[in-house]
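Chain by chain, the residues:
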Amino acid sequence: MSVRQGRRGSFLTEEEKANSPKITKSLLKRIASYLKPFIKQLSLIVLIIGISSSLKILPSLLTGKIIDDGLIKRDLDTLIFLIGLSVGVTLLGNLIGLVESYLNTWVSENITFNMRNQMYRKLQSMSHRFFTTNNQGDIITRMTSDISGVKQVISGTFTSILSNVITLIVASVAMFQKNWILALVGLVIVPLFAIPTRSAGKTRWTLTNEVQKTSDEINGILNETLSVSGQLLVKLFNRHDYEINKYEKTNKKMISLHLKQSLAGRWFRVLISTFSSIGPMLIYLVGGILMMQVDSTLTVGDITVLVTLLSRMYQPVNSLLNTQVEVIRSMALFSRIFGYLDMQVEVENKIDAIVPKSFSGNIRFENVSFAYDESRNILDNVTFELKSGKSVAIVGPSGAGKSTIINLILRLYDTTSGSILFEENNVRDLDLKFIRDHIGLVTQDTYLFNSTILDNLLYANSKATMEMIVDACKKANIHDFIESLPEKYNSVVGNRGLKLSGGEKQRLSIARVLLKDPTVVIFDEATSSLDSIAENLIQEAIAPMIQEKTSIVIAHRLSTILAADEILVIEKGRIVERGQHLELLQKDGLYTQLYETQFKTSEKVD
Ligand code: ATP
């Protein structure tokens, strides 16, 4: 059986089995822990629901009195009084319901507010690998629809269960008080609901799960193809038709699932409504026989009350049986969210993480090996030292592991073996915030938030004064450009900074790092060729940084390489050569090759 067939054929049942939430004590306890802070409000809701559900039953009881004492006895005053009372009680019930609904929304909003914040905090704490591995659409779905689902569960499912149970209890008690035989007859029909509900519930559960997955899929497609970079890729490779096809296919799947869903609900409703029409008829029949032949005290009003009460019970029973599916779904929702909240954070800050008083920029790699996954080693026994105040240039072919070295310095990942030391402290023991406070990174792919230039700069240092900002921008050779814009520093940079050119974005990111003023600057030099003016502006900006600061440069240009105190030549994750420019050239090895093919032509050096 092919993988595809496997997914299609046994996928759902397997998934259904795997996804069927186990309603364990600990799961319930955990859900309860979210409700606990709102116990007072929840108790009030229970009380209000109790009162309003009982009040809603009262008009049914009054119907009997209206018939017997008002209509049959032809007593207009009593009739008007009873009708007035019935309307008043209904109004009161509904008004109390209004308070309940407000309180309900308040509680559910507050619970999900906490949950949403907790989830966002958790996501913020997740390591780099999580974001490089997981689909953005899935992450956003957890944050949005799953948590909204929880809101729905609290404000809808829980309270409707409660109100239905109370209505059923009150109605049953009232029925038995009126006439136990008729009450029993009426109630006999109720368990029959359970038969169609069981199988309909199962089908609906499966369908709901599939709808959720397809919706995740659609979200994923939209997220990827409607993002700026995704859309550009679609355009460049002329993949519109392919993407449209893919989207339409998934959309079609959704339609068929929705149709199935509505059908699964419909035949269920046909059965329910048939059963619900049998109940009253049975009461009229048995009640009639009793009234005419056995119990002369039984009145028309009594029979009518029993019929009305019974008809009041169908809706709660119907909805309770439906909520069985809802409850399972809610549990799945909770367990999915808890699953996310319980995710292991790969690179975690130690509880007793060290925050050194000072750091002069000395970083040492000692026999560092690293693999993103077990399949292949990316770095192999890398040893080097970046001395305070000095600069190291890393060169090597694409995919050699240069950026990986930077990822490890920033502790985005942990080494597989060997150690990275900041002065004498292992990065694993250091406070993560300390590491990232002391390292400034200018990447090839500059990310800017869709806000003003000023906001983007302040992101690096919220306390920076305008003077500091202007100074940094001057050093980064971007100040004149910003001043030439109509809105100057308040110009909005566009989605991901796309209103700026590659060179401008880079210079802005240099200014951002200057404002951060880290101990060590890492510069991942862009491989993309900018025109010589743009290139010069960048070179002018980074040259002093390399001179003045402790720095590491993933270098592609001769001038940056020449400015470094030591050059490391990386190939397939190993340092194959190291030294200074002339020394390396004499070796006539990989560096010479790179020099001949890339650096020499990258620019003219005077
Ligand atoms: P370039 O000059 O092209 O940027 P590089 O020398 O910086 O290349 P790295 O980005 O360090 O190379 O990548 C080294 C190897 O690790 C590559 O083969 C790459 O496919 C792999 N790699 C990079 N990032 C990941 C990741 N997140 N998960 C798995 N493998 C990765």
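Within each chain, residues carry numbers counting from 1 in the order of the written sequence. Owing to the predicted nature of the model, reporting of local features is limited to residues with pLDDT of at least 70; listing and counting of side-chain atom pairs is limited to 80 or more, with chain, interface and lining totals taken over all residues. Excluding hydrogens and water, the side-chain values take into account all heavy atoms of the structure.

Let's talk about the sheet that holds strand β10 (residues 574-579)
Turning to step 1, where the next piece is worked out: Here, any two strands with at least 2 DSSP bridges between them count as paired. What counts as a helix is a DSSP run of H or I of at least four residues, what counts as a strand is a run of E of at least two, and both are numbered from the N terminus. The mixed open sheet is built from 6 strands, whose spatial order is β6-β7-β8-β3-β9-β10. With partners counted over all chains shown, the strands left at the sheet margins are β6 (439-442) and β10, one partner each. In this sheet, neighbouring strand axes are inclined to one another by 20° on average, regardless of whether the strands run parallel or antiparallel.
Turning to step 2, where the next piece is worked out: Relative to strand β9 (residues 566-571), strand β3 (residues 391-395) runs parallel, the two being bridged by 4 bridges. Across the sheet, Ala393 pairs through a bridge with Ile567, a residue of β9.
Turning to step 3, where the next piece is worked out: Of the strands in this sheet, β3, β6, β7 (520-524), β8 (550-554) and β9 are in contact with helix α13 (residues 402-409), which crosses β8 at around 145°.
Turning to step 4, where the next piece is worked out: Relative to the sheet, helix α18 (residues 502-516) contacts β6 and β7, its axis offset from that of β6 by approximately 175°. Geometry is summarised by axes, namely lines fitted to C-alpha atoms with helices restricted to the contacting stretch, and by angles between N-to-C directions that run from 0 to 180 degrees. Residue contacts are defined here by distance: any two heavy atoms, one from each residue, within 4.5 Å place the two residues in contact.

So, the environment of Leu515
Turning to step 1, where the next piece is worked out: You can see Leu515 is positioned in helix α18.
Turning to step 2, where the next piece is worked out: Only protein chains enter the calculation, and the probe is 1.4 Å; a residue is then buried if its accessible area is under 20% of its type maximum, exposed if over 50%, and partly exposed in between. Judged by relative accessible area, which is 5%, Leu515 ranks as buried.
Turning to step 3, where the next piece is worked out: Dropping the residues within four chain positions of it, Leu515 is found in contact with Leu457, Ala460, Asn461, Ala464, Met468, Ile469 and Ala472.

What about the site of the ligand?
Turning to step 1, where the next piece is worked out: Being near a molecule or strand, for a residue, comes down to having at least one heavy atom within 4 Å of it. All residues in the neighbourhood of the ligand are listed as Tyr372, Arg376, Ile378, Pro397, Ser398, Gly399, Ala400, Gly401, Lys402, Ser403, Thr404 and Tyr413.
Turning to step 2, where the next piece is worked out: Arg376 places a polar side-chain atom, nitrogen or oxygen, 3.2 Å from an oxygen atom of the ligand.
Turning to step 3, where the next piece is worked out: Whenever a nitrogen or oxygen atom comes within 3.5 Å of another N or O atom, the pair is scored as a polar contact, on the condition that within protein one atom can donate a hydrogen and the other can accept it, and that pairs from neighbouring residues in sequence are kept only if both atoms are in side chains. At 2.9 Å from an oxygen atom of the ligand is found a side-chain nitrogen or oxygen belonging to Lys402.
Turning to step 4, where the next piece is worked out: Burial of the ligand by the protein chains amounts to 66% of its free accessible area of 640 Å².
Turning to step 5, where the next piece is worked out: Each residue gets one of three labels, nonpolar for Ala, Val, Leu, Ile, Met, Phe, Trp, Tyr, Cys and Pro, charged for Asp, Glu, Lys and Arg, and polar for the others, Gly among them. Across the shell around the ligand, the residue classes break down as 5 nonpolar, 5 polar and 2 charged. The method behind every accessible area is Shrake-Rupley, applied with a 1.4 Å probe, and residues are considered shielded solely by the protein chains displayed.

Focus on the pattern of salt bridges
Where charged atoms of side chains with opposite charge meet at close range, the side chains can pair.
Turning to step 1, where the next piece is worked out: Definition used for salt bridges: Asp or Glu carboxyl oxygen within 4 Å of a side-chain nitrogen of Lys or Arg. On inspection of all chains with the given rule, the structure shows 21 salt bridges.
Turning to step 2, where the next piece is worked out: Its salt-bridge partner being Glu109, residue Lys151 comes within 3.1 Å of it at the nearest N-O pair. Placement of Lys151 in helix α7 (residues 136-178) and of Glu109 in helix α5 (residues 76-125) is noted, with a sequence separation of 42 residues between them.
Turning to step 3, where the next piece is worked out: Residue class for Lys151 comes out partly exposed when judged on its relative accessible area of 23%.
Turning to step 4, where the next piece is worked out: Put simply, Arg129 and Glu346 hold a salt bridge, and the shortest N to O gap is 2.9 Å. Linking Arg129 in helix α6 (residues 128-133) with Glu346 in the loop between α12 (300-341) and β1 (363-370), this pair joins segments that are 217 residues apart in sequence.

Details of the side chain of Gln212
Turning to step 1, where the next piece is worked out: The residue Gln212 is located in helix α9 (residues 194-225) in this model.
Turning to step 2, where the next piece is worked out: Leaving out residues up to four positions away in the same chain, Gln212 has contacts with Thr141, Arg142, Asp146 and Arg336.

Re the pairing of strand β4 (residues 417-422)
Turning to step 1, where the next piece is worked out: Note: β1 against β4, 5 bridges, orientation antiparallel. From the neighbouring strand, Ser369 faces β4, where its bridge partner is Ser417.
Turning to step 2, where the next piece is worked out: Here β4 runs beside strand β5 (residues 425-426); their pairing, made up of 2 bridges, is antiparallel. Its bridge partner being in β5, Phe422 is matched across the sheet by Asn425.
Turning to step 3, where the next piece is worked out: Where β4 folds back on β5, the antiparallel hairpin that results is connected by 2 residues, among which Glu423 adopts a positive phi of roughly 55°.

As for α18
Turning to step 1, where the next piece is worked out: In a regular helix each residue adds 1.5 Å, so 15 residues correspond to 21 Å; α18 covers 21 Å between its end C-alpha atoms and thus fits that length.
Turning to step 2, where the next piece is worked out: Counting buried residues along α18, 12 of its 15 residues qualify, which places the element largely inside the surrounding structure.
Turning to step 3, where the next piece is worked out: Every buried residue of α18 is listed here: Gly503, Glu504, Lys505, Gln506, Arg507, Leu508, Ser509, Ile510, Ala511, Arg512, Val513 and Leu515.
Turning to step 4, where the next piece is worked out: Asp517 sits one or two positions beyond α18 and adopts a positive phi of about 50°. In a helix, the anticipated span is given by 1.5 Å times the number of residues less one.

Quick notes on the environment of Thr208
Turning to step 1, where the next piece is worked out: With respect to the helices and strands, the residue Thr208 is situated in helix α9.
Turning to step 2, where the next piece is worked out: In the structure, Thr208 is positioned 49 residues away from Leu257 in sequence and 8.6 Å away in space, judged by C-alpha atoms.
Turning to step 3, where the next piece is worked out: Beyond its immediate sequence surroundings of up to four residues, Thr208 is in contact with Gln261 and Arg329.

Quick notes on the packing of aromatic side chains
Turning to step 1, where the next piece is worked out: Ring pairs shown here join Phe, Tyr and Trp side chains whose ring centres sit within 6.5 Å, with only the six-membered ring taken for Trp; geometry is labelled stacked below 30 degrees between planes, edge-to-face above 60, and tilted in between. The tally for this structure, following the rule as stated, stands at 13 aromatic pairs.
Turning to step 2, where the next piece is worked out: Aromatic pair Phe38 and Trp106: ring centres 6.0 Å apart, planes at 80°, arrangement edge-to-face. Of the two residues, Phe38 is situated in the loop between α3 (25-35) and α4 (39-72) and Trp106 in helix α5; the sequence distance between them amounts to 68 residues.
Turning to step 3, where the next piece is worked out: By relative accessible area, which is 34% here, Trp106 ends up partly exposed.
Turning to step 4, where the next piece is worked out: Judged by centre distance (6.1 Å) and plane angle (65°), the ring pair of Phe359 and Phe434 falls under edge-to-face. Of the two residues, Phe359 sits in the loop between α12 and β1 while Phe434 sits in helix α14 (residues 432-438), which places them 75 residues apart along the sequence. Neither residue differs from the other here; Phe359 and Phe434 are each classed as buried.
Turning to step 5, where the next piece is worked out: Think of it as a cone above the ring: NZ of Lys or CZ of Arg counts as a charge over the ring if it is within 6 Å of the ring centre and within 35 degrees of the ring normal. The ring of Phe338 has Arg30 lying over it, and the distance from NZ or CZ to the ring centre is 4.2 Å.
Turning to step 6, where the next piece is worked out: When the ring centre of Tyr340 is taken as origin, the NZ or CZ atom of Arg142, which lies over that ring, is 5.9 Å away.

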